[in-house]
Amino acid sequence: MVATLNLFAPEKVEKVEAQLLHHVNIPFEKATFGMGCFWGCDALFGATKGVLRTCVGYSGGTTSAPVYKNMGDHTEVIEIHYDPNVISFSDLLDLFWNNHEYGLTTRIKRQYMSLVLYHNEEQRRISEESRAEEQIKRAPEQIITEIAPAGQFYPAEDYHQKYRLQGHRDLAKSIGLTPELLAKSHVAARLNGYLIGVGGLEQFDKDTDRLGLSNDQAQYVRDYVRENEGGGIFC
């Protein structure tokens, strides 16, 4: 991982359109996954239909107050708020199994391990059944994903949140992205994925009016969706 993106340095901020959809007031459920470096999965889930918000952080361990340079026995994870009327936990697990950059069948350090942290007994049952089905598909490779109850989630530092979007400084400023919105903004989560091609051009074009993007913002993102669609998830 690289140095902090200084997106919030005191510079002139472009005019922000008021109708941007930062906040969505929809009942949600949580899912928490560890699947390697959390930058890639933040983009993947952020632009997935039915996902309302994403936040990357540290969980699964016992170390108190973890930070990136001293996370102890915690793992890099993503916490997902999703609308169960649009996408199911099983659907999220399908994305989980099929988008690991590493760690699904190869043991690596705990920071990047494959991990499902369940929030209720139904999630535990679905996760264990899904892992068993996935193991049959991948034999003779051995899936080493751990499934455990969700504990305290510690949000990662600002520069880790919506990392791909933060790399587009002018766009991020034009949507009024602030440290407070990094882990809460719906439009930021969507754009963070669209910029690397997640969701594809057809989905993005259907989403632009709902998100409240200006014509210039939409065209800027559209060019990146077109260029990166099908390119896969990466850190």
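Everything here concerns the structure above.
Report follows, based on the coordinates. Residue positions are given per chain, counted from 1 along the sequence in the order it is written. Side-chain atom pairs in this predicted model are given and counted only at pLDDT of 80 or more, local residue features only at pLDDT of at least 70, and totals for whole chains, interfaces and linings cover all residues. In computing side-chain values, all of the structure's heavy atoms are included and hydrogens and water are not.

## Comments concerning the overall build of the chain
Quick reminder of the rule: The secondary structure listing takes helices from DSSP runs of H or I that are at least 4 residues long and strands from runs of E that are at least 2 residues long, numbered from the N terminus. Accessible area is worked out with a 1.4 Å probe on protein chains only. A residue is then buried under 20% of its type maximum, exposed over 50%, and partly exposed in between. Contacts were defined at the residue level, with two residues in contact if any of their heavy atoms lie within 4.5 Å. Computed with a 1.4 Å probe, the accessible areas rest on the Shrake-Rupley method; for each residue, only the protein chains presented here act as cover.
Scanning the chain for helices and strands turns up 8 helices and 6 strands. Listing every helix and strand of the chain by position from the N terminus yields β-α-β-β-α-β-α-β-β-α-α-α-α-α. Referenced to the eigenvectors of the C-alpha coordinate spread, the extents of the chain come out at roughly 50 × 35 × 35 Å. Taken across its 235 residues, the chain has 51% of its residues classed as buried. Considering only residue pairs separated by 6 or more positions, the chain has 77% of its internal contacts joining residues 24 or more positions apart. Split by element, the accessible area of the chain, about 11,200 Å² in all, is 49% carbon and sulfur.

## Digging into the pattern of salt bridges
The condition that has to hold: For this document, the term salt bridge refers to a Lys or Arg side-chain nitrogen within 4 Å of an Asp or Glu carboxyl oxygen.
Following the criterion strictly, the structure yields 10 salt bridges and no others. One salt bridge in this structure joins Asp205 and Arg222, with 2.8 Å as the shortest N-O distance. Of this pair, Asp205 sits in helix α7 (residues 200-211) while Arg222 sits in helix α8 (residues 215-228), and the two are 17 residues apart along the sequence. Between Asp223 and Arg226 there is a salt bridge, with the nearest N and O atoms lying 3.4 Å from each other. Placement of the pair is Asp223 and Arg226 together in helix α8, with a separation of 3 residues, close to one helical turn. On the accessibility criterion, Asp223 (39% relative accessible area) is partly exposed. Several salt bridges share partner residues, and in doing so they unite Glu121, Arg124 and Glu128 into one network.

## Here's the deal with helix α3 (residues 121-138)
The condition that has to hold: Expected helix span is taken as 1.5 Å per residue step, with the number of steps being one fewer than the number of residues. As used in this structure description, the phrase polar contact means that two N or O atoms lie within 3.5 Å; if the pair is within protein, one of them must be able to donate a hydrogen and the other to accept it, and residues adjacent in sequence are counted only when both atoms belong to side chains.
The terminal C-alpha atoms of α3, which comprises 18 residues, lie 26 Å apart, in line with the 26 Å expected from a rise of 1.5 Å per residue. Residues of α3 that are buried in the fold lie against β1 (29-35), β3 (75-82), α2 (89-98), β4 (114-118) and β5 (146-149). If you check the start of α3, you find a side-chain oxygen 3.2 Å away from the backbone N of Glu122, and it comes from Asn120.

## Some points on the environment of His22
Checked against the element boundaries, His22 lands in the segment before β1. According to the relative accessible area criterion, His22 is buried, its value standing at 12%. Note: C-alpha distance between His22 and Tyr224 (202 residues apart in sequence) is 21 Å. Other than its neighbours up to four places away in sequence, His22 contacts Ile175, Leu181, Lys184, Ser185, His186 and Val187.

## Re the nonpolar core
To be explicit about the condition: In these notes, a set of buried Ala, Val, Leu, Ile, Met, Phe, Trp, Tyr and Cys residues joined through side-chain atoms within 4.5 Å is what counts as a nonpolar core.
Phe33, Phe45, Ile80, Phe89, Leu92 and Leu93 are the most contacted members of the largest nonpolar core, which has 31 residues in total. When residues of this core are traced back to their parent elements, those giving at least two are β1, α1 (38-46), β2 (51-59), β3, α2 and β4. With 24 residues, the next largest nonpolar core counts Ala47, Val187, Leu213 and Ala218 among its residues.

## Examining unusual backbone geometry
For the bond running from Ala139 to Pro140, omega is 10°, close enough to zero to count as cis. Residue placement: Pro140 occurs in the loop between α3 and β5. A positive phi angle, close to 50°, is found at Ala65, a residue other than glycine. With a phi angle near 50°, Lys162 is a residue other than glycine that sits in the positive phi range. Overall, the relative accessible area of 0% leaves Lys162 in the buried class.

## Some thoughts on the sheet that holds strand β6 (residues 154-155)
Convention followed: Being paired, for any two strands, means DSSP has found at least two bridges between them. Angles shown run from 0 to 180 degrees and are taken between the N-to-C directions of axes, each axis being a line fitted to C-alpha atoms and, for helices, limited to the stretch in contact.
Strand order across the open sheet formed by 6 strands is β5-β4-β1-β3-β2-β6, with mixed pairing between neighbours. Edge strands, defined here as strands with exactly one partner in the open sheet, are β5 and β6. In this structure, β4 lies alongside β5, joined through 4 bridges in parallel fashion. Across the sheet, the residue bridging to Leu117 is Ala148, located in β5. Along the sheet face, α3 touches β1, β3, β4 and β5 and points at about 150° away from the line of β4.

Everything listed here is a matter of geometry and, on its own, says nothing about what the molecule does.
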